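One letter stands for each residue in the lines below.
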Amino acid sequence: MSMFAKENLNAVHALNVFNQNSNAMQNNMVKISTGSKINDSKDDAANYAISERMRIRIRALEQSTQNIQNDSSLVKTADTAVNSTIEILRTLKEKAINAANDSNTDADRAIIQKEFNRFIDQIDDNAHVQFNGKYLIDGSKNNAIIDTKTVLLNQDLAIETFDKTKLTDLKNRAGKSLGIQETDTFQLSWVQNGQNYSASGEVLGLTLSLMMNCIRKDEYADIDGELINTFYRGQLGNNGGVWLSSKVSGGYTTFFENHILVAETPADGEEFPILDKYIGMLGKTADEIEELKAEDSSNPGHGETIEIFDIYNEDTGACLFYVANLTDSVLPSMDSAEGYVTWDIENSKWIFTAGSNTDKAGTLLYFITADPLILDKFEDEVYTFNNQEGIGFASKIGGVDNQISGLTINIVDKDGNDRKTANAALNQFKQFQRAENATGDCSLNFQTGSEANQSIKLGLTDMRTYALGLTGRQDKKLNIETKETANAAINVIENALTKALDQQTALGAVESRLEHNLTNLMTSIENVRASESVIRDADMAKEMTSYTKNKVLLHASQVMLAHANQNGAAVLALLR
């Protein structure tokens, strides 16, 4: 074995091994003490970057879970308030049913009304519930919507029922006659802006639309004073209209009294053939009618772009008809009308009376056009629940100010007895669509995910008593102080319950979605943590084994370094 005095190579090699074992043991100690096999980028640069990205995602997911928990608390706050409103509405219905009973005196009903008013006030208190300073169900958190019309839908009448069906011809869904006779009388009750309205009259030859549009009747006489006609006019609450469609809307034409084709102007005093002339057009869409007009040059209205304006004359109750180009901007007057029609109740037909404007004499044309479809608050077409025909009553103007809160119809025979079969079918005009005011997008946006636009939107409708139809302007409350108003109030409260239950359903659905999102987030956090653990966490048994090995090697290299340092003493022995 060679011996060198200048360089102790064995000692240098032993020192290098000693340092390596010392560093390895130190690394083992760091991993064991932190529990991580990657503590900085030098340990494993690629996996360090991957695990850091996973840690960022975990923190984002954890914040999302906190968001959902807060959102859930907000929704539960609103849900509790709506549930309280529903309980109050149930109580209000009990009070209205009690007040409708003639075992009560007017004094009793006045006492019930006072309690009734207190419950109504509580509904407004519920509507102003807050969460973190935000009002929730006062209408201030609604979606972006248009003015929406009240829609009351009846699907208990025969499928072939339409607005020109005579009351005496009405049948139920099974095709059985309702048994209404011309000698019967009808009684209407409705509520608008918290105000009770009513109308009544003889059935005679009235159609469904004439009854539903009845506010008052005008009786007028001939030149000798003999009564010759009774004309029912106006519209329910001045804002209603009767319509029919096999899908409530869905592109089907809706029909009002003036949506009729008339081939020729009748002679003065002759029948104006509104009802029977073009019955085959019923059920046709606007596009289908346009195709018919284009294909058949003999079809009235072929190639024409005209419109008939109808105006009620306040003095006579007559309906004016005027042929005009669509470009005309001036509405007609009596002088410019081609004629007017009046309803002959006895003979169930319209009678035409010639007007004074002879230069417009000739053919009177008016083709059926689609009225503005019944749209929901998001401007989507409204369909019935089962896509089957239904007769409906819709407010003519959208918005809460014009809503019809409830409609009650009662048919009474000549002896004063209720026609129960008829009333059971006619009183199924139930809330199908609520009236709402147009608003911008004020809905709540719940950020439920770790990425942009991973959110749930919630629009909260107006649950105040005015929006529910229980109060009107100047805080006028629903009246139950008479048997008639109490009976009308029952349907109003039932419709208010439908509105409240719709809102509760929406809240419940969002609560359920939040719970599912929370479960998904927790699962995601668990799985990302597991992946990050595989990359970064230390195997403690493996690291302890490595630590023990390196510790033994460190001691061994230390001993060898000591032996290598003894080589210098051997060289000195040669120099003695």
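Everything that follows concerns the structure shown earlier in this document.
Quick summary incoming for the structure in this document. These numbers were taken from a predicted model, which means no experiment stands behind them.

Examining the environment of Leu9
Alright, step 1. Along the chain, the position of Leu9 falls in helix H1 (residues 9-34).
Alright, step 2. For the pair Leu9 and Asn565, spaced 556 residues apart in sequence, the C-alpha separation works out to 9.7 Å.

What to know about the nonpolar core
Alright, step 1. Core analysis: the biggest nonpolar cluster contains 47 residues, and Leu89, Leu92, Ile137, Phe446 and Leu470 have the highest contact counts within it.
Alright, step 2. Secondary-structure elements contributing two or more residues to this core are helix H2 (45-99), helix H3 (106-127), strand S18 (444-447), strand S19 (455-458) and helix H8 (483-536).
Alright, step 3. With near-sequence residues (within four places) excluded, Leu89 lies in contact with Ile123, Leu470, Ile493, Ala496, Leu497 and Ala500.
Alright, step 4. Leu157, Ile180, Phe393 and Leu426 belong to the second largest nonpolar core, which has 26 residues in total.

Observations concerning the pattern of salt bridges
Alright, step 1. The full count for this structure, using the stated rule, is 15 salt bridges.
Alright, step 2. Note that Glu52 and Arg536 form a salt bridge whose closest N and O atoms lie 2.7 Å from each other. With Glu52 in helix H2 and Arg536 in helix H8, this residue pair connects regions lying 484 residues apart in the sequence.
Alright, step 3. Since its relative accessible area comes to 4%, Arg536 is described here as buried.
Alright, step 4. Here Lys477 ties to Asp121 by a salt bridge, and the two come within 3.4 Å at their closest N and O atoms. Placement of the pair is Lys477 in the loop between helix H7 (465-468) and H8 and Asp121 in helix H3, with a sequence separation of 356 residues.
Alright, step 5. By relative accessible area, which is 17% here, Lys477 ends up buried.
Alright, step 6. Accessibility expressed as a relative area gives 28% for Asp121, which makes it partly exposed.
Alright, step 7. Salt bridges sharing common partners tie together Asp102, Asp106, Arg109 and Lys483.

Looking at the environment of Ala489
Alright, step 1. Checked against the element boundaries, Ala489 lands in helix H8.
Alright, step 2. For the pair Ala489 and Asn479, spaced ten residues apart in sequence, the C-alpha to C-alpha distance is 7.2 Å.
Alright, step 3. When neighbours within four sequence positions are excluded, Ala489 is seen to be in contact with Ala96, Leu478, Asn479 and Ile480.

Digging into the sheet that holds strand S16 (residues 406-412)
Alright, step 1. Sheet architecture is open: three strands sit in the order S6-S5-S16, paired in antiparallel fashion. Lying at the two open borders of the sheet, with one neighbouring strand each, are strand S6 (195-202) and S16. Averaged over all pairs of adjacent strands, the angle between strand axes in this sheet comes to 15°, irrespective of strand direction.
Alright, step 2. Across seven bridges, the pairing between strand S5 (residues 185-192) and S16 is antiparallel. For Val191, the partnering residue across the bridge sits in S16 and is Gly406.
Alright, step 3. Running over the sheet, H8 touches S5, S6 and S16 and is turned about 135° from S16.

Things to note about unusual backbone geometry
Excluding glycine, residues mostly carry a negative phi; peptide bonds, for their part, are mostly trans.
Alright, step 1. The phi angle at Asn132 is positive, at roughly 55°, despite the residue not being glycine.
Alright, step 2. Here Asn132 shows up in the loop between strand S1 (130-131) and strand S2 (134-135).

Criteria and cut-off values
Residues numbered from 1 in each chain as written. Predicted model: local features only at pLDDT ≥ 70, side-chain atom pairs only at ≥ 80, totals over all residues. Heavy atoms only, no water. Helix = DSSP H or I, 4+ residues; strand = E, 2+ residues; numbered from the N terminus. Core = buried A, V, L, I, M, F, W, Y, C linked by side-chain atoms within 4.5 Å. Buried < 20%, exposed > 50% of the residue type's maximum accessible area, 1.4 Å probe, protein only. Contact = heavy atoms within 4.5 Å. Salt bridge = Lys/Arg side-chain N within 4 Å of Asp/Glu carboxyl O. Pairing = 2+ DSSP bridges. Axes fitted to C-alpha atoms, helices over the stretch in contact; angles between N-to-C directions.

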